[in-house]
Amino acid sequence: MTWFAVCPVAAVPPEQGVAALLPDGRQVAVFRTHDGTLHALSNVDPFSAAAVLARGIVGDLGGVAVVASPMHKQHFELATGRCVEHPDVAVAVYPVREHGDRIMVAP
Amino acid sequence: MPRKLVVAGNGMVGHRTVQALRDRDQHGEWQVTVFAEEARTAYDRVALTSYVDGWDPAALALPGADFADDDAVSLHLGDPVVAIDRAARMVTAASGRRVRYDALVLATGSAPFVPPVPGHDLPGCFVYRTIDDLDAIRAATAGTGSGRRAALVVGGGLLGLEAAKALRDMGMSPHVVELAPRLMPLQVDDGGGALLARLIAELDVTVHTGVSTQVIEEDRGRLLAKLANGVELDVDLVVFAAGIRPRDQLATAAGLRTGPRGGIVVDEACRTDDPHVYAVGECACVDGVVYGLVAPGYAMAEVVADRLLGGDSVFTAADTSTKLKLLGVDVASFGDAHARTEGALEVVVNDAVAGSYKKLVVSDDAKTLLGGVFVGDATEYALLRSLVDLPGDPLTLIGPRGGGGGVGVAALPDDAQICSCNAVTKGTITAAIVTAECDDVPKLKGCTGAGTVCGSCVPMLRQLLGACGVAQSTALCEHFPQSRASLFEIVRVTGIRTFSELITAHGTGRGCDICKPAVASILASLGTGHVLDGERAGLQDTNDRFLANIQRNGTYSVVPRIPGGEITPAKLMVIAEVARDFDLYTKITGGQRIDLFGARLEQLPQIWARLVAAGFESGHAYGKALRTVKSCVGSTWCRYGVQDSVGLAIELELRYRGLRSPHKLKAAVSGCARECAEARGKDFGVIATERGWNLYVGGNGGTTPRHADLLVSEVDKETLLRTIDRFLMFYIRTADRLQRTSAWLESLEGGLDHLRAVVLDDSLGLCADLDRQMAAHVDAYTDEWADVLADPDKLARFTSFVNAPGLPDPTVEFRAERGQPVPVLLGTPAVMAR
Ligand code: SRM
Ligand SMILES: Cc1cc2nc3c(=O)[nH]c(=O)nc-3n(C[C@H](O)[C@H](O)[C@H](O)COP(=O)(O)OP(=O)(O)OC[C@H]3O[C@@H](n4cnc5c(N)ncnc54)[C@H](O)[C@@H]3O)c2cc1C
Ligand code: SF4
Ligand code: FES
């Protein structure tokens, strides 16, 4: 597994997201929930094909942490990438962890 | 060969007859000719008084009244029938046109009764029945001097009180003179009448009961009315609303029988002595009764349409229940309101303090409900009038706890009539909810017709929705059980200033894309700092988070504020240069300003740095906030303008810019009644008159267009600003999330009258608070974009990639169209759904 450093730990505040560009041109959206847990998803909203998921609102539905796409408001589970409204649709999820003062993603 | 039907009269009932026939006549059995005395297509006479709100005849139009797409109907407006030749089966109209008929329907309605008071025909004396009558009254008020003008209404019944309301809305002080010892003698009893008089008197209407008008004289350019008790009233005009008389002259001349007190005598099929001639509506007399309400008329219309096609429906004694909201006072009665049934018992609850009077009339064994009267509070009316068997002690139904004493719509049988205007039963409505998936009141109206005439059954429709399990929950979302309005109050009163604190103390879970932006908006409305301060950035929808509007390819648009649409060439050039330098697609918006599209996240601060330096500021196109105050060119240039609409629009836009609200706010100012700025399509719109400004509120374009209602007329600028301040702040406090002012006003308990009471008469004691809140907003305003440019932490967020701050998103591409860049569609989305 290859880990890429994407940003300083402090760059992702609780309940917000940021986008990072990977060397191969893929984009990841990195989110942090209120308890500090990190999640990394593909940044591309499968419904609009725009790379915008990192700009969605982070929250929960029925206790499950989700991000709402800023384009048309579909929700994606942060842990699994699954779309709440269309369970047959999912975005890729990537391993993510803190290492020292950096956040690392393994695409 | 189709048979020929002639209809004389194109009022509410004549129109309904034709409509009902056309709806049923699948095989084109009838060709219809309608003669109308009035020169306009049929309109909603029941709502005549609301004409004063905007003097817009179109607002009263009945749907489909012109039969434009229907070849089977020919409409002759302004051409009354003047003679009927029954032997030849021929009618003659005023124009000389003669038409033969196989069936004739008389729907000539009634004429206002003008008592033979000496002076009743002087200039300045009017009646109250048609749009033309109201236009004439308005024309008469136009010229008359300054100061508050007075008017006399002769007649204190339903019509007289409606007329008094119209006159008051036109800015006059009305006097009402009623011969009977109480107001609304037909509907209300003595107890109710006494309370009604008191409540009405509190509203600047002077009531004189138990007295007649003896003479009206001309007196120094005004009118002097002398009452039988010696009182003399100086007035500017007189309106007679002393009852109606059926218009049966045409029938009499044709030898048809009329009733003892007038009205064309018809049988249960609504047929006259002549089997080829029917009569319906207010000109007909069934079983000795002439009905002065629209619901029985509509029922007759249906009977005739059915009979014409070979059916056998009959007209049975009709519901004469009435409910009005006059000058903000509820009055309702139904059934045997005066306890005339043998052995009837009366149960009365008279609460002088609360200002409510309720009476039920029940059978001697207290098992059957016969009728009732409500004044001041008619909450239980809609339910009770459909009830026959009493479910319990009558007193509990109207007692102080009220609310029907626990009796719900569930207690009603399926055939109970919920909407008496359109004869819609409970069964029909529940079927529409369950099988036709009507899950709100507007859909039910469209599907069943219930609630579309007088509106008094609307609360019942809401209850039925609830009873059928259609959630009418006011909870904001799964995280907050409160409505937006209660959350607003919680935040305002507790001083909580962060989302985390609020959800910990008053909600559950972590929040979502519904409650987070809603709370962020509440915090912003209360003037608690920049929308991107601290954790607030994470609460905002992407548009508010980046202070720009997201586009389909993930880029953003930029809309600088151009107050009132007025802009100098120098500023236009700055916009042009910015658009050129950043290669932005440029378009003039529908809101009199300029939109620049295709900016990437990291370009937004650079673009705004240029714009702010040139004196531009955020246009809040992204926010649930004031958008634009559109203006016409006004008196500065326009040859018709009577006031400076541009100047006022700019002043309003600068006053309310940045004000966060439950939904976006749009406004406009027109320089004269031609209304080039379309102010009545806005949340608040101002139209100049020679004497001041008219303020309209609750307008909307978009999905559900609505014309704004007149809130105050001909006020000076100071009053105008104060009224708008209060209107906006009251809306911001009490509306639901994403509820435009139009929907808010429609759902506001008590409607426009209540709004007037709150913002003009301070009925809730809120005005000082609302004023203070708006003053705080105006004082604290700063430009959101200038603030961001001055704050490195906020600026740092404007990047496409956290690990490559200057780099544009490589998936965003443009192509040229008509010389401008437009998005290259981003491949096929993985899934098609919206
Ligand atoms: C740019 C503009 C169209 C244009 O090219 O002319 C426009 C564009 C948008 N309108 Fe609009 N509306 C624009 C004038 C209007 C008007 C006309 C007007 O204001 O005179 C209306 C009807 C009037 C009204 O609102 O009552 C209008 C009714 C809507 C609606 C429906 C609102 C409703 O109550 O039914 C929406 C959807 C919403 O807000 O929920 C909407 C939403 C939108 C959004 C914000 C949709 C979105 O979320 O992406 C569009 C994005 C703007 C952008 O990216 O910059 N827009 N929109 C106009 C901007 C005016 C301005 O200068 O601010
Ligand atoms: C201000 C006001 C408020 C009201 N409020 C209520 C209310 O809250 N609830 C309620 O139930 N009812 C109310 N009514 C009464 C309701 O409007 C009438 O019951 C209803 O309009 C009767 O319909 P109609 O067709 O019989 O008569 P109209 O609506 O009067 O129509 C008759 C039409 O026939 C035309 N006409 C007459 N003679 C001829 C001819 N010879 N040839 C051709 N055309 C002719 C007339 O010009 C008129 O246009 C109100 C009435 C008014 C004026
Ligand atoms: S609304 Fe009146 S003043 Fe304004 S431009 Fe139109 S005609 Fe002229
Ligand atoms: S009762 Fe009048 S609209 Fe329903």
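It should be noted that the structure appears before, not after, this text.
Residues numbered from 1 in each chain as written. Chains lettered and ligands numbered in written order. Predicted model: local features only at pLDDT ≥ 70, side-chain atom pairs only at ≥ 80, totals over all residues. Heavy atoms only, no water.

1. Section: the sheet that holds strand β4 (residues 38-42) of chain A
Residues and elements named next belong to chain A. Spatial strand order, β2-β3-β4-β8: four strands in an open sheet with antiparallel pairing. Edge positions in the sheet fall to β2 (16-21) and β8 (93-94), since each of these pairs with one other strand and no more. In this structure, strand β3 (residues 27-32) lies alongside β4, joined through five bridges in antiparallel fashion. Each residue of the ladder has a partner; that of Val28, found in β4, is Ser42. (Pairing = 2+ DSSP bridges. Helix = DSSP H or I, 4+ residues; strand = E, 2+ residues; numbered from the N terminus.)

2. A word on the environment of Asp336 of chain B
Residue and element names in this part refer to chain B. Tracing the sequence through the fold places Asp336 in the loop between β22 (329-335) and β23 (345-351). Exposure remark for Asp336: the relative accessible area of 15% places this residue in the buried category. When the C-alpha atoms of Asp336 and Leu369 are compared, they prove to be 9.1 Å apart, with 33 residues separating the residues in sequence. Excluding residues that lie within four positions of it along the chain, Asp336 makes contacts with Thr341, Val361, Leu370 and Gly371. (Buried < 20%, exposed > 50% of the residue type's maximum accessible area, 1.4 Å probe, protein only. Contact = heavy atoms within 4.5 Å.)

3. Overview of the interface of chain B and chain A
The extent of an interface is frequently quoted as the accessible surface area lost upon association of the parts. At the interface, 40 residues of chain B touch 38 residues of chain A. In this assembly, chain B packs against chain A so that about 3000 Å² is buried in total across both faces, 54% of it on carbon and sulfur atoms. Broken down residue by residue, the surface that chain B buries against chain A is led by Arg510, Asp513 and Val802 of chain B, which jointly contribute 21%. Linking chain B to chain A there are two salt bridges. Ionic pairing is found between Arg510 of chain B and Glu15 of chain A, a salt bridge with its closest N-O pair at 3.0 Å. Mapped by element, the contributors of at least two residues to the side of chain B that touches chain A are α14 (515-525) and α15 (542-546) of chain B. At three residues, the largest contribution of residues to the side of chain B that touches chain A is made by α15 of chain B. (Buried area = accessible area lost by both parts, 1.4 Å probe. Salt bridge = Lys/Arg side-chain N within 4 Å of Asp/Glu carboxyl O.)

4. Notes on the sheet that holds strand β6 (residues 98-100) of chain B
Residue and element names in this part refer to chain B. Strands sit in the order β4-β5-β6 across an open sheet of three strands; the sheet is antiparallel. This sheet does not close on itself; its edge strands, each paired only once, are β4 (81-85) and β6. Strand-to-strand twist in this sheet, taken as the mean axis angle between neighbours without regard to direction, amounts to 20 degrees. (Axes fitted to C-alpha atoms, helices over the stretch in contact; angles between N-to-C directions.)

5. Some remarks on empty space enclosed by the protein
Sizing a probe to match a water molecule and rolling it over the atoms shows the empty space that remains. A full pass over the atoms with the stated rule returns four cavities of 30 Å³ or more. Around the largest cavity sit Ala51 and Arg55 of chain A together with Asn553, Gly554, Thr555, Arg600, Leu601, Glu602, Ser800, Asp809 and Val812 of chain B, which together line it. Among the residues forming the lining of the largest cavity, the class breakdown is three nonpolar, four polar and four charged. (1 Å grid on protein atoms, 1.4 Å probe; cavity = no way out; pocket = protein on both sides within 12 Å on 5 of 7 lines; lining within 4 Å. Points joined across faces, edges and corners; volume = space filled by probe spheres on them. Nonpolar A, V, L, I, M, F, W, Y, C, P; charged D, E, K, R; others polar.)

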